[in-house]
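# Secondary and tertiary structure notes
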Amino acid sequence: MSTYYLTTPIFYVNGSPHIGHAYTAVAADVIARFRRLQGVDTYFLSGTDEHGQKVEKAAAEAGLAPRAFTDAVSGQFRAMLAMLDVSNDDFIRTTEPRHKAGATALWQKLAASGDIYPGHYEGWYAVRDEDFYTEADLTTLADGTRLAPTGAPVEWVREPNYLFRLSAYADRLLAHYEAHPEFVGPAGKRNEMLSFIRGGLRDLSVSRSSFRWGIPVPGDPDQVMYVWLDALANYITALGYPDQTGPLWRFWPADLHLVGKDIQRFHAIYWPAFLMAAGLPVPRRIFAHGWWTRDGAKMSKSLGNVVDPFDLVTKYGVDATRFFLLREVPFGNDGDFSHRALVGRLNTDLANGIGNLAQRTLSLVAKNCEGRLPDAGPRQPADTALLELADALPTVLAGAFERQALHEALDEVWRLVRAADSYIDQMAPWSLRRTDVARMGHVLRVLAEAIRVAAVVLQPFMPASMGRLLDQLGVSADARDLAALQAPLPDGIVLPAPQGVFPRWVEDAGASR
RNA sequence: GGCGACGUAGCUCAGCGGUAGAGCAGGGGAAUCAUAAUCCCUUGGUCGGGUGUUCAAGUCACCCCGUCGCUACCA
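So, a few notes on the structure that sits alongside this text. (Residues numbered from 1 in each chain as written. Chains lettered and ligands numbered in written order. Predicted model: local features only at pLDDT ≥ 70, side-chain atom pairs only at ≥ 80, totals over all residues. Heavy atoms only, no water.)

## Quick notes on the sheet that holds strand β14 (residues 220-225)
Spatial ordering of the open sheet is given by β12-β14-β13, a layout of three strands whose pairing is antiparallel. With partners counted over all chains shown, the strands left at the sheet margins are β12 (207-208) and β13 (216-217), one partner each. Note that β12 and β14 share two bridges and pair antiparallel. Of the residues in β14, the one forming a bridge with R208 is V224. (Pairing = 2+ DSSP bridges. Helix = DSSP H or I, 4+ residues; strand = E, 2+ residues; numbered from the N terminus.)

## Some details on the protein's contact with RNA strand B
RNA strand B sits among 44 residues. The nearest are E192, R208, V227, R265 and K367. A share of 64% is what sugar and phosphate atoms reach among the atoms of RNA strand B within 4 Å of the protein. Contact distances for RNA strand B include 2.4 Å between a phosphate oxygen and a side-chain N or O atom of R265. Interatomic distance of 2.8 Å between a side-chain N/O atom of N356 and a sugar or linking oxygen of RNA strand B. Every element with two or more residues in the surface near RNA strand B is listed here: β6 (131-133), α6 (187-198), β11 (204-205), α7 (227-232), α9 (264-277), α12 (339-368), α14 (406-427) and α15 (429-435). (Near = heavy atom within 4 Å. Polar contact = N/O pair within 3.5 Å; in protein donor to acceptor, adjacent residues only side chain to side chain.)

## Structural notes on the side chain of D255
For D255, the position within the fold is in the loop between α8 (234-237) and β15 (256-260). Among the polar contacts made by the side chain of D255, one reaches the side chain of R284 at a distance of 3.1 Å. Once residues lying within four places of it in the same chain are set aside, the contact partners of D255 are T3, Y4, Y5, R284 and R285. (Contact = heavy atoms within 4.5 Å.)

## Here's the deal with the layout of surface pockets
By volume, the second largest pocket amounts to about 380 Å³. Along the walls of the second largest pocket sit 20 residues, with R379, L387, D391, E449 and P488 positioned nearest its centre. Looking at the lining of the second largest pocket, the elements with two or more residues in it are α13 (381-402) and α16 (437-458). The element contributing the most residues to the lining of the second largest pocket is α16, with six residues. When its residues are assigned to classes, the lining of the second largest pocket shows eleven nonpolar, three polar and six charged. (1 Å grid on protein atoms, 1.4 Å probe; cavity = no way out; pocket = protein on both sides within 12 Å on 5 of 7 lines; lining within 4 Å. Points joined across faces, edges and corners; volume = space filled by probe spheres on them. Nonpolar A, V, L, I, M, F, W, Y, C, P; charged D, E, K, R; others polar.)

Everything listed is a geometric property; what it means functionally is a separate question.
Now the structure itself:
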């Protein structure tokens, strides 16, 4: 049986979850659920990244010990996943013993092979920002003082550190990119990674001594591991690394690391280099999605326009939220969130679209077929045309999922929904009721089959709603994967009373925005 | 500054050498099974500007204008 291993980034716990985190998690969940629907042995990992200076600082500001702070924030991320119906198989925290042990083993492996060596990092450092800057970022004043872009004065500092021999991997990385054009997506991001590598790779400082909140460097208690080396290791420590004989190790290498575009480089360059150095296969694909703005403006805490995923779900419901995030914008592009846009999708695509289609079909069955699924009859050309569109859907969607073209997958389903609405209008079963009852039944049966296909393939996007729709279509709980679509629904099964799946959003009198 | 991407209907985008497309929004009509939902028809584009290659260019090349991304040790 083929396997599929996909991951979200582990979320950095220096702040609460926002729509960006929800987006990554939902997208990954949809992909994982689709693989399961295909019958693929799937493993889906999420988690939290809890070390580093920023977390140490955020904890101090909150008046908490780092561990107490990360326990709380990590819990918020876990709650977010649960609320969004995200079906991750595991949730790893970098503060867990299993992770620390695995990350330590990885370090030792890299040190043993000579890819980590003692050295020092030096550069322009701004004490006020607690950050290093490159020469190009700096402004030099008349008196020779150099300033960071933030206006903070910088000084040249030299910190003893362990370095990773990244420079030695440029050629191997380029060769890998060459041999695997699909390694990084979208294509534009791949170009950026390539030009970064071609621009020359310098050895990477992989330890820090300026703060304490991290995994200690083996054999050197004065240093902690660089958070990225620590964090990236989660993808293998969750599978049991360094033990490569455990039950989960079969999932390595990962099929897909889904990431936000801001952390592409760490995943597409540093991580594969670490893995090469450790003698492990590299992930098959790294795909970066875009960012959300809010009503056209950048989201930021200071502007106070951050979209809280908990609020979204409370207000619009889980499935409408999930659907909106994936339907509104081509996956990989940036998108804009607005109440208006979300309500537009909710009403047009869900309530007026598939919701209404199912309701009109099922209520005709309820009223005119004694609530039983009518038999399939001889097919007329229009029937065949609609059913062929439906039957092709699983394959078409599989292709879209292969490329993480989630918006395209939805687009394809809606082609079927529109075709079905067109079909029902042309066939007019409400007229056939008086002229040709048998044909009316056959038409409704064709519609039921088409809706069933749509509902099955939409389960990954809207698990709860599509579950309810499949209930109404009389599809048993164990016959809801792609393989089950091969068999027609049993004739004559009794269907429950139809009930709208997606109510229209009606603006309250008092509601603004 | 360097490298790269993009600029197509009001909006969001697809098309990437052979008579300009989709969804939404707008207009007209039909139907009445349905969540006043649906269906059909339709308005709308000198495909950022220019030069060139070609029998033929949103589609290739070059230049210009505009927008955006990357340009490493915060994540």
